[in-house]
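Here is how the chains run, residue by residue.
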Amino acid sequence: MRVLGIETSCDETAVAIYDSRDGLLSHLLHSQISLHAQYGGVVPELASRDHICKLLPLTKEVLKKARCTWSDLQGIAYTQAPGLMGALLVGATFGRALGYALTIPTLGVNHLEAHLLAPFLEEHHPNFPFLALLVSGGHTQLIQVEAIGEYKLLGETLDDAAGEGFDKVAKILGLPYPGGPILSKLAQEGCPGIFEFPEPMRKNKELNFSFSGLKTAVLQAWEKSLKTEQIKKDIAYAFQKTVVDALISKTMLALEKNKLNNVVVAGGVSANTLLRKKMDALSLRMGLSVFYPRLEFCTDNAAMVAYTGCYYLDRGISDKNLKIQVKARGSLL
Ligand code: KG4
Ligand code: ZN
């Protein structure tokens, strides 16, 4: 089955074509970073308007790249939740209208499930069951995955998500949007040991996270400091180290508690170099297998949506009526 995937949940317009036999045929992404940068964050109304402008030309291009025509498509998958309502509506309306015109089935896909399944776009992907550490801008969850569609929540953040922590600390330090990846780059130039923050929930044997206290500790350290460029880097270093250590401690605890040795790290924060480095070192030592999406599929993209949609559409699961439904919140579990 050949499926067009559409992703418009936030500030990227992305389309991709996935074929259940031939794999990923093509994928394209238009980032709205330059549009929102002047406002220091995503402006929802501008995001929706830009998705409207970019979606059709990008889809025509992705078809051309895959050497396909409209009639080669056998299904359409679009991100249904969670995300910005207006932005989601653009992708959903486009996908549903296209499906209606081409008389092919459509399916609204959960964005978090798509992130979680992104490693399946690679040849070397995990066997079931596995543990997933889902770390994005809005979610930080540990999920036991028995099979596609069979998910059990083991733990999650009680306040800020890890990506949200990166973005908020970037703001505190006066870094431009998008803060997370910029902060992580800056951290590479920081000196170890100048600042140290306590690892949140370290002594707690539950599988939950908490990052808002860490954010406050960073704010206090920054306010009390001389606010030099080097101090910015040193704080970024200490913050990143603390977040990564917290993510890894709880992941190891979850693996141990649930007797699993395959782990998937997915979502925007899985692009973080330090997280990957520490995770790889530890897994080597403990005989674990760790799987990540390729870097460009860690953050939002349509390849993961096309893959997820194709899996379900191929099994006869599709939108049942003509009602177009999107949800700003929409947990996987
Ligand atoms: O998965 P994603 O693209 O969007 C959501 O579904 O939320 O994740 C975006 C999040 C942002 O909070 C961003 O700051 C964070 O992922 N992020 C990173 C890195 N790249 C993106 N955080 C730390 N290090 C990175 N290299
Ligand atoms: Zn995402």
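As the structure is a computational prediction, the values presented were derived from the model and not from experiment.

K.L.:
How should the overall build of the chain be read in this particular structure?
P.N.:
Looking only at helices and strands, the chain has 10 helices and 10 strands in total. Compactness check: the chain gives a C-alpha radius of gyration of 20 Å against a globular reference of 20 Å for 333 residues, within 12% of the reference. With respect to the principal axes defined by its C-alpha atoms, the chain has extents near 60 × 45 × 30 Å. Burial status across the chain gives 55% buried among its 333 residues.

K.L.:
What is the right way to look at the confidence of the model for the chain in this model?
P.N.:
Predicted coordinates in regions of low pLDDT should not be interpreted in detail. Per-residue pLDDT for the chain averages 97, and the proportion of residues at 70 or more is 100%. Per-element mean pLDDT across the chain ranges from 96 in helix α1 (residues 33–37) up to 99 in strand β1 (residues 2–7).

K.L.:
How should the coordination of the zinc ion (ligand 2) be read in this particular structure?
P.N.:
For a metal with four tetrahedral donors the ideal donor-metal-donor angle is 109.5 degrees, while six octahedral donors give ideal angles of 90 or 180 degrees. Bound to the zinc ion (ligand 2) are the protein donor atoms His111 (NE2), His115 (NE2) and Asp300 (OD), situated 1.9 to 2.0 Å from the metal. If you look at the zinc ion (ligand 2), its six donor atoms make angles of 54 to 165° with each other, and the shape they trace is irregular. Within one chain, the residues donating to the zinc ion (ligand 2) are spaced in sequence as H-x3-H-x184-D. Placement of the pair is histidine 111 in helix α4 (residues 111–117) and aspartate 300 in the loop between β10 (289–291) and α10 (303–313), with a sequence separation of 189 residues. This pair shows no difference in class: histidine 111 is buried, exactly as aspartate 300 is.

K.L.:
Sorry if this is basic, but what is going on with the pattern of salt bridges here?
P.N.:
Any two side chains of opposite charge can pair, so long as their charged atoms come close to each other. Scanning the model with the defined rule gives 17 salt bridges in all. For aspartate 19, the salt bridge identified is with arginine 2, shortest N-O distance 2.8 Å. Pair noted here: aspartate 19 is in strand β2 (residues 12–19) and arginine 2 is in strand β1, with a separation of 17 residues, a long-range link. Like arginine 2, aspartate 19 is buried. Where aspartate 160 meets lysine 215, a salt bridge forms, and the shortest distance between an N and an O atom there is 3.0 Å. Taken together, the positions of aspartate 160 in the loop between β8 (150–156) and α5 (162–172) and lysine 215 in helix α7 (residues 212–224) put the pair 55 residues apart, joining distant regions of the chain. Like aspartate 160, the residue lysine 215 is buried in the burial classification. Each of Arg2, Asp19, Arg21 and Asp22 takes part in salt bridges that share partners, so that together they form one network.

What counts, and at which threshold
- Residues numbered from 1 in each chain as written.
- Chains lettered and ligands numbered in written order.
- Predicted model: local features only at pLDDT ≥ 70, side-chain atom pairs only at ≥ 80, totals over all residues.
- Heavy atoms only, no water.
- Helix = DSSP H or I, 4+ residues; strand = E, 2+ residues; numbered from the N terminus.
- Rg over C-alpha atoms; globule rule 2.2 N^0.38 Å.
- Buried < 20%, exposed > 50% of the residue type's maximum accessible area, 1.4 Å probe, protein only.
- pLDDT = per-residue confidence, 0-100.
- Donors = N, O, S within 2.8 Å, 3.2 Å for Na, K, Ca; no water.
- Tetrahedral: all angles 85-135°; square planar, octahedral: opposite > 155°, others 65-115°.
- Salt bridge = Lys/Arg side-chain N within 4 Å of Asp/Glu carboxyl O.

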